[in-house]
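Here is what each chain is made of, one letter per residue.
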Amino acid sequence: MLTLGGVAFLLVCVFGVFIVTGGAIIPLLKSMPFELITIGGAAIGTFVAGNSMHDIKHTMGGFKKVLRGSAFKKTDYIDLLCLLFYLVRLAATRGAMALEPHIERPDESPVFKHFPTILKNHEATGIICDYLRMVGMNADDPHQIEDVMARELRKTLAEELHGAHSLQTMADGLPALGIVAAVLGVIKTMADISKPPAVLGEMIGEALTGTFLGVLLAYGVVGPLSTRLRGVVEEESRYLEVIRAVLVAHLHGNAPQVSVEVGRKMVPNPLMPTFSELEESIESLKIAT
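Described in the following lines is the structure provided in the data block. Source: prediction; values computed, not measured. (Residues numbered from 1 in each chain as written. Predicted model: local features only at pLDDT ≥ 70, side-chain atom pairs only at ≥ 80, totals over all residues. Heavy atoms only, no water.)

Description of the overall build of the chain
At step 1: Looking only at helices and strands, the chain features 13 helices and zero strands.
At step 2: In sequence order, the chain lays out its α and β elements as α-α-α-α-α-α-α-α-α-α-α-α-α.
At step 3: Over its C-alpha atoms the chain spans a radius of gyration of 27 Å, topping by over 25% the 19 Å that the globule rule assigns to 289 residues.
At step 4: Here the C-alpha coordinates of the chain stretch approximately 90 × 35 × 30 Å along the principal axes. (Helix = DSSP H or I, 4+ residues; strand = E, 2+ residues; numbered from the N terminus. Rg over C-alpha atoms; globule rule 2.2 N^0.38 Å.)

So this is what it looks like as structure tokens:
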């Protein structure tokens, strides 16, 4: 909602000052719908032409992230660290094979069922199970696992950022599309050059509306949306980085408490639980297995 509030404040300032300083709003409003159709239609057309259907749907889904912000709160990170603590402690005390019932069928595991939010996150659950399964297959070189996980998470982040890149590309093209609309308006004006100056002045004003809208949409709407989407995606990517940090620390032979502390340090600062908060959550963790 903060994003919508910022856009609304932008529009109030731009058009409000224009009206207060004596600007003629009627010609602007008269030409704006047609200019918006020209510029917006051209922008949407270039967006569709330059992306696959999967990327288009992905970008459209990104608007939900822009409005709601990051999907993860402090409690989500605490739950994740508690789950990872339980799993690495089980592996440390009973061996990697003790994890098999949980990672092979997480839907039936009382450990994962204790954290339903994580269980619903198929991406996070998949990464946890996949790499713990690799450890059970004697792929326990921490450097190799860390490298493989890092490459997978970079790939995932790059794919998630495609929507932000597409919006930024659209923002970069909007000023030029605004000029296209303005040039069409000038051509229309030149065709009626014999009309009175008052009429020509209004027609030129309508033509310049295209340039105005192209720049406003680029730097005042689409560009900020792209920036916001990129920020949300990068913040959400830290959730998977916490998993990588804990598992790699475990493979390096650290105690479960140390491993989750390493993971806690990867949580974004505004959402990072304190050492005491995490310790209390771990101590109160009771899972019937």
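Considerations on helix α9 (residues 142-160)
At step 1: With 19 residues, α9 should cover 27 Å at 1.5 Å per step; its first-to-last C-alpha distance of 26 Å lies within 8% of that length.
At step 2: Of all the positions in α9, only Pro-142, Ile-145, Met-149, Ala-150, Leu-153 and Thr-156 are classed as buried. For α9, the angular spread of the buried residues around the axis is 130 degrees, confining them to a single face. Turned more than 90 degrees off the buried face of α9, the exposed positions are His-143 and Arg-154. (Expected span 1.5 Å × (residues − 1). Buried < 20%, exposed > 50% of the residue type's maximum accessible area, 1.4 Å probe, protein only. Arc of directions from axis to C-beta.)

Points about the environment of Lys-113
At step 1: With respect to the element layout, Lys-113 can be found in helix α6 (residues 110-113).
At step 2: Discounting residues that sit within four places of it in the chain, Lys-113 has contacts with Asp-107, Glu-108 and Leu-119. (Contact = heavy atoms within 4.5 Å.)

Some details on the nonpolar core
At step 1: With 47 residues, the main nonpolar core has Leu-80, Leu-83, Leu-87, Ile-128, Tyr-239, Ile-243 and Leu-247 as its most contacted residues.
At step 2: Once residues lying within four places of it in the same chain are set aside, the contact partners of Leu-87 are Leu-99, Val-111, Phe-112, Ile-128 and Leu-132. (Core = buried A, V, L, I, M, F, W, Y, C linked by side-chain atoms within 4.5 Å.)

Quick look at the packing of aromatic side chains
At step 1: Under the counting rule described, the total for this entry stands at four aromatic pairs.
At step 2: On the numbers, 5.8 Å between centres and 90 degrees between planes, the contact of Phe-15 with Phe-212 is edge-to-face. Here the residue Phe-15 occupies a position in helix α1 (residues 2-20), and Phe-212 occupies one in helix α11 (residues 197-251), the gap between them amounting to 197 residues.
At step 3: These aromatic residues form a ring-pair network of at least three members: Phe-72, Tyr-77 and Tyr-239. (Phe/Tyr/Trp six-rings, centres within 6.5 Å; stacked < 30°, edge-to-face > 60°.)

Some remarks on the pattern of salt bridges
At step 1: Going through the model one piece at a time under the given rule, you end up with 14 salt bridges.
At step 2: Between Lys-65 and Glu-160 there is a salt bridge, with its nearest N and O atoms 3.1 Å apart. Of the two residues, Lys-65 is situated in helix α3 (residues 53-68) and Glu-160 in helix α9; the sequence distance between them amounts to 95 residues.
At step 3: We classify Glu-160 as partly exposed; its relative accessible area is 26%.
At step 4: With a closest N to O distance of 3.0 Å, Arg-151 and Asp-147 form a salt bridge. One end of the pair, Arg-151, and the other, Asp-147, are both in helix α9, four residues apart, so they sit about a helical turn from each other. (Salt bridge = Lys/Arg side-chain N within 4 Å of Asp/Glu carboxyl O.)

Comments concerning a nonpolar patch on the surface
At step 1: Judged by side-chain polarity, Ile-179, Val-180, Val-183, Leu-184 and Ile-187 come together as a nonpolar surface patch covering roughly 450 Å² of accessible area.
At step 2: Tracing the sequence through the fold places Leu-184 in helix α10 (residues 162-191). (Patch = residues over 30% accessible without salt bridge, like charges linked within 9 Å, V, L, I, M, F, W, Y side chains within 5 Å. Areas by Shrake-Rupley, 256 points an atom, 1.4 Å probe, with all protein chains shown as cover.)

Nothing here speaks to function; it is all geometry.
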